[in-house]
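# Chain and residue survey
For reference, the chains in residue letters:
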Amino acid sequence: MPYGPALAARLDGKPGKSSIRRFWKQMAKGPYRPTLDVLQKQRGDMNLSDWGYYLYLRKLAGQLYGTEATSEKALWTWFMMMKSGYAARVGYREGEVFLMLPIDQTVFGWPQMHIGGQRYYLMVEEAGGSLRTYEGQHGKASQSLQLREGALPDMPEKKATRTVEFSFQGERHSLDIAHNPSAAEYLRAYPKVGLGVLFSAGVSPEAQASLEKSLRPLVQGRPPREALNLLLTFAQSVTDYKRDQDHFGEERFLFPEESLASDYSDCEDRAVLLSYLTRELLGREVVGLKWPRHVALAVRTGDGLGATEEDRAITAGGETYIYADPTYVGSSLGMEMPLIEGKKPEIITPGIITPGQ
């Protein structure tokens, strides 16, 4: 990557309006363009999402400035995000600069503020106290970050394998299911987002290839309801059940890749995993269902799948979706857990999660 001393501008003086402006001008006069061009190419090569690209810039800032120059790292990342088209901002107080990113999705537990109708999140878990925002916007950057992981970044090729055993229609299955530990680590550090983000998430190439090899042959050629029931049984068997409070000490949703890497999961995690399996292996649309104490999935009818009188179903966007509950062990498509029997769920995503999204 092109690099020179001028690429790592220095903050001249205490953080404030004038010193931040001088930092920007110093960066703008420097040889940042060749570096930015390489970064943009690498972003495409590595299949980085908006969040992955931000992490990549933050990591590079750490390599340029070391562990101590916190404010300069924040300013350098701000500059490069702006030059990449994102309407990033910075705030400052008590000798420290904070990066602020516009993110459309809700992030839980992070400090936020609204500027000009746009929600900004501070890239720290705790800020404490008042904060001044730098009003200068040098450039025409207008993009906000979209937290979507429909396809995970290309990670170093690592593979860990676990065995999943389950019975379906009297036949015992033992499948070796792989995941990429690097991908799982990336997702563990992901912001705490709503379930809508996770319900449309993908998995690593290692996990996808493993599921294609071991699970797709089991559903191929089966009638739609039978294939869905097999995936439902698989999702009920991948991990043991454990509440988040008992597992992590706090509420935490798992991406599909994380569930494949974990020994435990709860209702949200299993519904998220089943969402991926249903979209990827059967090409069917799904919606998430949420009650105060439970989360499940529903699968769209059509293409050979119809709702029976016994099925518990719901209408969304003019289409009928049949309940599928991967936490209700032993249940089949159309059954609902006694805990939520007769209760109307919230549909997690206002739109439809389509295959490949």
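Our structure is the block above this text.
So, here is what we can say about the structure in this document. Residue numbers run consecutively from 1 along every chain, following the written order of its sequence. Given that this is a predicted model, residues contribute local features only at a pLDDT of at least 70 and side-chain atom pairs are listed and counted only at 80 or more, while totals for whole chains, interfaces and linings are drawn from all residues. Values reported for side chains reflect all heavy atoms of the structure, with hydrogen atoms and water molecules removed beforehand.

## Remarks on the overall build of the protein chain
- Within the protein chain, the regular secondary structure consists of 12 helices and 14 strands.
- C-alpha extents for the protein chain along the principal axes are approximately 70 × 40 × 35 Å.
- In what follows, residue pairs with any heavy atoms lying within 4.5 Å of each other are defined as contacts. Considering only contacts within the protein chain whose residues lie at least 6 apart along the sequence, 63% involve residues at least 24 apart.
- Carbon and sulfur atoms form 46% of the exposed surface of the protein chain, whose accessible area is close to 16,500 Å².
- Positive: Lys, Arg. Negative: Asp, Glu. His and the chain ends are not part of the count. Charged side chains are reduced to one point each, which is NZ for Lys, CZ for Arg, CG for Asp and CD for Glu. Across the protein chain, the 42 positively charged side chains and the 44 negatively charged ones have centroids separated by 9 Å. Runs of E in the DSSP output that reach at least two residues are strands. Runs of H or I that reach at least four are helices, and both are numbered from the N terminus. Per-residue and other accessible areas were derived by the Shrake-Rupley procedure at a 1.4 Å probe size, with only the shown protein chains allowed to occlude residues.

## Quick word on the pattern of salt bridges
- By salt bridge we mean one thing: a side-chain nitrogen of Lys or Arg within 4 Å of a carboxyl oxygen of Asp or Glu. Evaluated as defined, the whole model comprises 17 salt bridges.
- Its salt-bridge partner being Arg 89, residue Glu 135 comes within 3.9 Å of it at the nearest N-O pair. Within this pair, whereas Glu 135 is found in the loop between β5 (132–133) and β6 (160–168), its partner Arg 89 is found in strand β1 (residues 89–93), the two being separated by 46 residues in sequence.
- We classify Glu 135 as exposed; its relative accessible area is 54%.
- Think of it in three bands: residues with accessible area under 20% of the maximum for their type are buried, residues over 50% are exposed, and the middle band is partly exposed, with areas taken using a 1.4 Å probe on protein chains only. For Arg 89, a relative accessible area of 11% translates into the label buried.
- One continuous salt-bridge network, built from bridges that share partners, spans Glu 285, Arg 300 and Glu 319.

## Some words on the packing of helix α2 (residues 32–46) against helix α3 (residues 50–65)
- A fitted line through C-alpha atoms represents every axis, and for helices the fit uses only the stretch in contact; the resulting angles, taken between N-to-C directions, go from 0 to 180 degrees. In the contact formed by α2 and α3, the axes pass within 11 Å of each other and the chain directions differ by 135°. Taken as axis vectors, α2 and α3 run oblique relative to one another. As α2 packs across α3, the resulting crossing turns out to be right-handed. On the side of α2, the interface is formed by Leu 36, Leu 39, Gln 40, Gln 42, Arg 43 and Met 46, while α3 contributes Asp 50, Tyr 53, Tyr 56, Leu 57 and Leu 60.
- Following the grouping adopted for this structure description, the nonpolar residues are Ala, Val, Leu, Ile, Met, Phe, Trp, Tyr, Cys and Pro, the charged ones are Asp, Glu, Lys and Arg, and the polar ones are all others, Gly among them. Residue composition of the contact of α2 with α3, by class: 7 nonpolar, 2 polar and 2 charged. These descriptions rest on fixed angle ranges, namely under 35 degrees for roughly parallel, over 145 for roughly antiparallel, 65 to 115 for roughly perpendicular, and the rest for oblique. Take the far helix as your reference; a near helix turned counterclockwise from it by less than a right angle gives a left-handed crossing, and one turned clockwise gives a right-handed crossing.

## Some points on the environment of Leu 254
- Topologically, Leu 254 is positioned in the loop between α10 (244–247) and α11 (256–261).
- Spatially, the C-alpha atom of Leu 254 lies 9.9 Å from that of Lys 192, the residues being 62 residues apart in sequence.
- Filtering out sequence-adjacent residues up to four positions away, Leu 254 remains in contact with Leu 198, Phe 248, Ser 259, Ser 262, Tyr 264, Ser 265, Asp 269 and Val 272.

## Some details on helix α1 (residues 17–29)
- Here a helix's expected span is defined as the number of its residues, less one, multiplied by 1.5 Å. With 13 residues, α1 should cover 18 Å at 1.5 Å per step; its first-to-last C-alpha distance of 19 Å lies within 8% of that length.
- The set of residues buried in α1 consists of Ser 19, Ile 20, Phe 23, Trp 24 and Met 27. Taken around the axis of α1, the buried residues stretch over an arc of 140°, which confines them to a single face. α1 presents Lys 17 and Lys 29 as exposed residues on the side facing more than 90 degrees away from its buried surface.
- Each element contacted by the buried residues of α1 is listed here: α2, α3, α4 (70–83) and β1. By arc we mean the arc of the directions from the helix axis to the C-beta atoms, nothing more.

## Section: unusual backbone geometry
- For Gln 169, which is not glycine, the phi torsion reads 50° and is therefore positive.
- Among the secondary structure elements, Gln 169 is positioned in the loop between β6 and β7 (171–179).
- A positive phi is found at Asp 303, a non-glycine position, where the angle reads about 55°.
- Of the residues examined, Asp 303 reaches a relative accessible area of 74% and is grouped as exposed.

## A short note on the nonpolar core
- Buried Ala, Val, Leu, Ile, Met, Phe, Trp, Tyr and Cys residues form a nonpolar core when they are joined through side-chain atoms within 4.5 Å. Trp 76, Trp 78, Leu 215 and Phe 234 are the most contacted members of the largest nonpolar core, which has 93 residues in total.
- Judged by nonpolar contacts, the second largest core, of 11 residues, contains Ile 314, Ala 316, Tyr 321 and Met 337.

## Looking at the pairing of strand β10 (residues 286–291)
- Most of β10 sits inside the fold, with 5 of its 6 residues counted as buried.
- With 6 bridges connecting them, β10 and strand β11 (residues 294–300) associate as antiparallel partners. Within β11, the position partnered with Val 286 by the bridge is Val 299.
- Hairpin geometry of β10 and β11 is characterised by an intervening segment of 2 residues between the two adjacent antiparallel strands.
- Sheet topology places β10 next to strand β14 (residues 346–347); 2 bridges connect them, and they run antiparallel. Paired with Lys 290 across the bridge in β14 is Glu 346. We treat two strands as partners when DSSP finds at least two bridges between them.

## Brief notes about the sheet that holds β11
- Spatially, β12-β13-β11-β10-β14 is the arrangement adopted by the 5 strands of the open sheet, whose pairing is antiparallel. At either margin of the open sheet sits one strand with a lone partner, and together these are β12 (313–316) and β14.
- For β12 and strand β13 (residues 319–324), the ladder comprises 4 bridges, and the chain directions are antiparallel. Looking at the pairing, Thr 315 lines up with Thr 320 of β13.
- Together, β10, β11 and β13 form the strand contacts of helix α12 (residues 267–282), whose direction differs from that of β11 by roughly 15°.

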